[in-house]
Amino acid sequence: SYPGTIPKLIITRDPSPTPSPEPPALLSARTELPAGLCLDSHGEDESPCSDSGCGGSPALTRSPRKLSNSSSLGLSSASSFEESEDDFTGSDIESSLSPARSLCSPDEGPGNKSWQKLKTMVHFSPFVVSFKKRYPWVQLAGHAGNFQAGEYGRLLKRYCESEQQCLQKLMKDTLRPYVPGYYGVVQREQQDYNLMDDLLAEFDSPSIMDCKMGSRTYLEEELKKARERPRLRKDMYDKMVAVDPGAPTEEERAQQGILKPRYMQWRETLSSTATLGFRIEGIKKADGTCNTNFKKTKQREQVMQALEDFVGGNTQILKLYLQRLQEIRSVLEQSQFFQTHEVVGSSLLFVHDASGKARVWMIDFGKTVPLPEPQTLDHRTAWVEGNREDGYLWGLDNLVDILSSMLPQ
Ligand SMILES: Nc1ncnc2c1ncn2[C@@H]1O[C@H](COP(=O)(O)OP(=O)(O)OP(=O)(O)O)[C@@H](O)[C@H]1O
Ligand SMILES: O=P(O)(O)O[C@@H]1[C@H](O)[C@H](O)[C@@H](OP(=O)(O)O)[C@H](OP(=O)(O)O)[C@H]1O
């Protein structure tokens, strides 16, 4: 298991069947909370590109406007990813449970966040690009309303300054072939977007998997903020209760809210993030079925089963994925960008189709931040607060090891 210290914000109960050591508390939601603590129905300014951090941050000179829940629907269907639940065919157990979805629903009334997490919902978005190729675009994870269709096999992702900085640097780094091509900032309907390659464009009826990498999903900066300006998140409390009604403490129950790092950490220990350094966020298969119900996929065997199902038992595809991951790992080990950035919340996007093509790319750099010079990370050392290690390569080592063990020796 992960050799590092996972800070326990509040000790409730370990959702893991295997006991883990109890590390020291770094932050407590208890009485240390200063006066003025407020209860948000959604978070504010939690991370560089969290739903409020990016669009709502006053530091951004770019358009701070938040997309409304229906904003993508408000645009032409030929140019936007429409939310089309009619197309949904997957087993979406968690989404039906998720209170956050109804919390963020359009009829929620004013004053609430204007856009929401996709969570366990998957967006299928058929659209027409300028060369008339029509294909269903799928957003497996992340914030709803974050994406718009671009032209020529490109897509627009809601502007986030730290992501822009990263993508710009990555275009000059050895990692360039392993990230979506980046084409700068574009504006649509007064909203700024980062324009990048749609990685699905070159596939026919692709199968897709999103794996969130690293042993930690919140930035050190987020911990600091939570201490200095603690905000109780009602939406996160509700999401927690929907998955495990026994998870909140008495106090959290009374407050009907939890701090973001506490929620993120609970998610990490519930899934394989804390023990394997990555977790599956969602899988969509070529037959149209989707599963984003991996919150409790924690054990190595459960992960293997999900991967096996994803590739449909096709060892050739598995082999190609393994090769690509090994290639990415060796490039990461040399990459100047990677050595000098804390990479949190970033995913590996796996895509294959019936033609036998299988590729993996790194996506989502909204919470990838530069380190102060001359600090570097090896991405394998256990995290202790202050060292900023993210466990990315430790997770990739585990993923490579799991895929290798699934292939005939
Ligand atoms: N360049 C791309 N090409 C194709 N699909 C993409 C691309 N980028 C993202 N996606 C799809 O959108 C999903 C969410 O992407 P991403 O993680 O970048 O969004 P986000 O809103 O920043 O997520 P989070 O809330 O985790 O920060 C991915 O799981 C994938 O399905
Ligand atoms: O997957 P879940 O259980 O829905 O939880 C969300 C997930 O951890 C996202 O990664 C996080 O966004 P960031 O990575 O951008 O912080 C988001 O925070 P947010 O609600 O503050 O955006 C969480 O709500």
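Residues numbered from 1 in each chain as written. Chains lettered and ligands numbered in written order. Predicted model: local features only at pLDDT ≥ 70, side-chain atom pairs only at ≥ 80, totals over all residues. Heavy atoms only, no water.

Observations concerning the environment of Gln-190
- Tracing the sequence through the fold places Gln-190 in the loop between strand E6 (182-188) and strand E7 (191-197).
- Of the residues examined, Gln-190 reaches a relative accessible area of 59% and is grouped as exposed. (Helix = DSSP H or I, 4+ residues; strand = E, 2+ residues; numbered from the N terminus. Buried < 20%, exposed > 50% of the residue type's maximum accessible area, 1.4 Å probe, protein only.)

What to know about the domain arrangement of the protein
- The domain architecture assigned to the protein consists of domain 1 (147-215 + 277-406) and domain 2 (222-274).
- Here the C-alpha centre of domain 2 lies 25 Å away from the C-alpha centre of domain 1.
- Taken together, the contact between domain 1 and domain 2 spans 16 residues of the former and 14 residues of the latter.
- Of the roughly 1400 Å² buried between domain 1 and domain 2 on both sides combined, carbon and sulfur atoms contribute 43%.
- Three residues stand out in domain 1 for area buried against domain 2, namely Arg-279, Lys-295 and Lys-298, and they jointly supply 45% of the buried area on that side.
- Connecting domain 1 to domain 2 are three salt bridges. (Domains from an automatic or database assignment. Contact = heavy atoms within 4.5 Å. Buried area = accessible area lost by both parts, 1.4 Å probe. Salt bridge = Lys/Arg side-chain N within 4 Å of Asp/Glu carboxyl O.)

Focus: the nonpolar core
- Counting residues in each nonpolar core, the largest one holds 61 residues, and the members touching the most others are Leu-348, Phe-350 and Leu-396.
- Among all residues touching Leu-396, those that are not within four sequence positions of it are Met-213, Leu-325, Ile-328, Arg-329, Leu-332 and Leu-348.
- If you look at the next biggest cluster of nonpolar residues, it comprises 13 residues, including Tyr-237, Val-243, Met-264 and Leu-270. (Core = buried A, V, L, I, M, F, W, Y, C linked by side-chain atoms within 4.5 Å.)

Points about the environment of Gly-366
- By the element assignment, Gly-366 lies in the loop between strand E14 (358-363) and strand E15 (368-370).
- Along the sequence, Gly-366 and Val-343 sit 23 residues apart, while their C-alpha atoms lie 9.1 Å from each other.

Thoughts on helix H11 (residues 300-311)
- Given a rise of 1.5 Å per residue, twelve residues ought to cover 16 Å, and the 17 Å separating the end C-alpha atoms of H11 matches this to within 8%.
- Buried residues of H11: Val-303, Ala-306, Leu-307, Phe-310 and Val-311, and no others. Viewed along the axis of H11, the buried residues span an arc of 125°, placing them on a single side of the element. Residues of H11 that are exposed and point more than 90 degrees away from the buried face comprise Glu-301 and Gln-305.
- Here the buried face of H11 lies against strand E8 (207-213), helix H10 (273-276), strand E10 (278-284), helix H12 (315-334), strand E13 (347-352) and helix H14 (392-406). (Expected span 1.5 Å × (residues − 1). Arc of directions from axis to C-beta.)

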